[in-house]
Amino acid sequence: MNEVGGYRCSVGAFSTKSALHRDNAFIQLYTSALSSQIVYKPHASEPNNSPDIERPLGLNKWLVNKLSQSRVVFCSGQLWLPHMSPKVPQRNVQWKEPSRGAQILNFFYCDGHVFWLWFSFSAIASLIYAVIIYFALLNRVPYAPDPDAVPYILVPSHYNLTIRIDTSRDEPKQTFSGRVFIRFRSLLDTAVLFLHLGENVRVDEAALFPEIYNGKRYRVARKRHNPRTEILTIVLNRNITKLTDYSLELSFSGKFRQDTAGPRLFQYRTYNGEERFGALYVHPEKAVQGLRYLIPCLDSLQYPAHFSVNVQRNGVMRALTNSVRLKTVDVKEQANFLEDRFNETIIMFSYQLVIVICDFQYKEETTPETNLMVKGFQ
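This report concerns the structure included in the present document. Everything numeric here is computed off the predicted structure, so don't read it as measured data. Per chain, residue numbering runs from 1 following the sequence as it is written. A pLDDT threshold of at least 70 governs which residues receive local features in this predicted model, and a stricter bar of 80 or more applies before side-chain atom pairs are shown or counted, although totals over entire chains, interfaces and linings include all residues. Based on all heavy atoms of the structure, the side-chain values leave hydrogens and waters out of the count.

## What about the pairing of strand E19 (residues 318-321)?
Item 1. Only protein chains enter the accessibility calculation, which uses a 1.4 Å probe; a residue is then buried when its area is under 20% of its type maximum, exposed when over 50%, and partly exposed in between. A run of H or I in DSSP becomes a helix once it reaches four residues, and a run of E becomes a strand once it reaches two; helices and strands are each numbered from the N terminus. By the alternation rule, side chains of E19 split into Ala319 and Thr321, which are all buried, and Arg318 and Leu320, of which none is buried.
Item 2. In this sheet, strand E22 (residues 355-358) lies alongside E19 in antiparallel orientation, the contact comprising four bridges. When the bridges of E22 are listed, Leu320 appears paired with Val356. When DSSP finds two or more bridges between a pair of strands, those strands are recorded as paired.

## Notes on a nonpolar patch on the surface
Item 1. Among the surface-exposed residues, Phe115, Trp116, Trp118 and Phe119 lie close enough to one another that they form a single nonpolar patch of about 500 Å² accessible area.
Item 2. Mapped onto the fold, Trp116 is located in helix H3 (residues 112-138).
Item 3. Looking at Trp116, the relative accessible area reads 54%, which means it is exposed. Each patch is built from residues lacking any salt bridge and having more than 30% relative accessible area; the joining distance is 9 Å for like charges and 5 Å for nonpolar side chains (Val, Leu, Ile, Met, Phe, Trp, Tyr). For accessible areas, the Shrake-Rupley method is used with a probe of radius 1.4 Å. Any residue's cover is judged against the shown protein chains and nothing else. Here, a salt bridge means any side-chain nitrogen of Lys or Arg that lies within 4 Å of a carboxyl oxygen of Asp or Glu.

## What to know about the environment of His225
Item 1. Note on placement: His225 falls in strand E13 (residues 220-226).
Item 2. Considering only alpha carbons, one finds His225 and Val203, 22 residues apart in sequence, at a separation of 8.6 Å.
Item 3. Aside from chain neighbours lying at most four places away, what touches His225 is Leu197, Gly198, Glu199, Val201, Glu230, Ile231 and Leu232.
Item 4. N or O atoms within 3.5 Å of each other form a polar contact, as long as, within protein, one can give a hydrogen and the other can take it, and as long as residues adjacent in sequence are counted only when both atoms are side-chain atoms. Of note is the side chain of His225, whose polar atom sits 3.0 Å from the backbone oxygen of Leu197. Every residue pair with non-hydrogen atoms within 4.5 Å of one another is taken to be in contact.

## Some points on unusual backbone geometry
Item 1. One non-glycine residue with positive phi stands out, namely Glu230, at about 55°.
Item 2. Structurally, Glu230 can be placed in the loop between E13 and strand E14 (231-240).
Item 3. Among the residues examined, Glu230 registers a relative accessible area of 12% and is labelled buried.
Item 4. Its identity is not glycine, yet Leu243 carries a phi of approximately 55°, on the positive side.
Item 5. Mapping Leu243 onto the fold places it in the loop between E14 and strand E15 (245-255).
Item 6. The exposure class of Leu243 is exposed, given its relative accessible area of 55%.

## Side note on the sheet that holds strand E10 (residues 175-186)
Item 1. Pairing is mixed across the open sheet formed by seven strands, whose spatial order is E12-E15-E10-E9-E18-E21-E20. In the strand order of this sheet, the two ends are held by strand E12 (201-210) and strand E20 (325-330), each with one partner. Direction aside, the axes of adjacent strands within the sheet are offset by 15° on average.
Item 2. Strand direction decides the pairing type here: strand E9 (residues 154-165) and strand E18 (residues 306-314), joined by seven bridges, are parallel. Here an angle of 0 to 180 degrees is reported between the N-to-C directions of two axes, which are lines fitted to C-alpha atoms, with helices fitted over the stretch in contact.

## Brief notes about the sheet that holds E19
Working definition: the strands of a sheet are paired by backbone hydrogen bonds and lie parallel or antiparallel to each other.
Item 1. With antiparallel pairing, the four strands of this open sheet are ordered in space as E16-E17-E22-E19. At either end of the open sheet lies a strand with only one pairing partner, and these are strand E16 (264-269) and E19. Sheet twist, expressed as the mean angle between neighbouring strand axes with direction ignored, is 20°.
Item 2. Pairing between E16 and strand E17 (residues 275-281): six bridges, direction antiparallel. The residue of E17 that forms the bridge with Phe266 is Gly278.

## Digging into the environment of Val309
Item 1. Along the polypeptide, Val309 turns up in strand E18.
Item 2. By relative accessible area, which is 1% here, Val309 ends up buried.
Item 3. Counting along the chain gives twelve residues from Val309 to Thr321, while the straight-line C-alpha distance between them is 7.8 Å.
Item 4. Excluding its chain neighbours within four sequence positions, the residues that come into contact with Val309 are Leu161, Thr321, Asp340, Arg341, Phe342, Leu353 and Ile355.

## Section: the pattern of salt bridges
Item 1. Following the criterion strictly, the structure yields 16 salt bridges and no others.
Item 2. In this structure, the salt-bridge partner of Arg292 is Glu230, at a minimum N-O distance of 3.1 Å. Within this pair, whereas Arg292 is found in the loop between E17 and E18, its partner Glu230 is found in the loop between E13 and E14, the two being separated by 62 residues in sequence.
Item 3. In this structure, Asp340 engages Arg313 in a salt bridge whose closest nitrogen and oxygen atoms are separated by 2.9 Å. Of the two residues, Asp340 sits in strand E21 (residues 337-342) while Arg313 sits in strand E18, which places them 27 residues apart along the sequence.
Item 4. Through salt bridges with shared partners, one network takes in Arg169, Asp170, Glu274, Arg276 and Asp359.

Here you go:
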């Protein structure tokens, strides 16, 4: 605000986009930048005019050009041209609220710059959204419902199992962990694999490899375990080919059970009265399943296979299983653990696998007639 002849005035540049015209020597000013209508109220000293009459303002073309090159002064709500004296008001300008229709039209008004800005933003946003949808559909995996029983689709032929049992003769730990490679064939082209898995076992990682590289890479997109049905569902990113050998790698961990269905802790005393602990995995004679409580597998009479077992145990313990021990090696991850590697078993059912961890002493002899090794434990 500036002081001009005792009046408080504001000075603003006149827009050449305003529409001005002449009408009976009065001035009417229209501007698209304002949502109000400017009207002229005559001064009481003007002849032949009533102060109560409002008239539209008018301006000739010459004055339009002059105003476009100069400035318009607004003093105390009155309009002043550059050659007018602020002390002698000649035009009294008042603001009048626009009609409801004019407000609606102004609300929907949009110039070219705003339109092209909106159009460019919408086009870029649509392109980004289309790219996101494309990659989302590209990685889409099939839906796999939870069955009540494992369908007969996968046929295992060999289990390569490495299991670590944490039980020591002086520490009754009841945990185990390990890794298993299951070689199998599928009877169908499918991207969903179903395995048995007990409620006491958890699968941490899973991966699939073809036995003979076929140029395809398989990725486990999702895995889900249903403790009620004891079924592990693995969803791949693509179908596997039927009647082709694959190897499924699974890392797992678990806890002992208190019944005879899975691995359990047992306790005994030596001849010297010392209390010792051991771990036992063996099933009753009439059992037809149970391997699911030790490792993820296909656990029924429909799925016999060969087993290669490696047992990692505390150095003071001994390991027994269904086949002959080939050698014992150190475990690099932990100095006081050893790994017993056993020969491949004959083909057998899943419930027939036996693993025992203890510190039993034994005597080993070989029969001279048949060269058969015999071990006697005490």
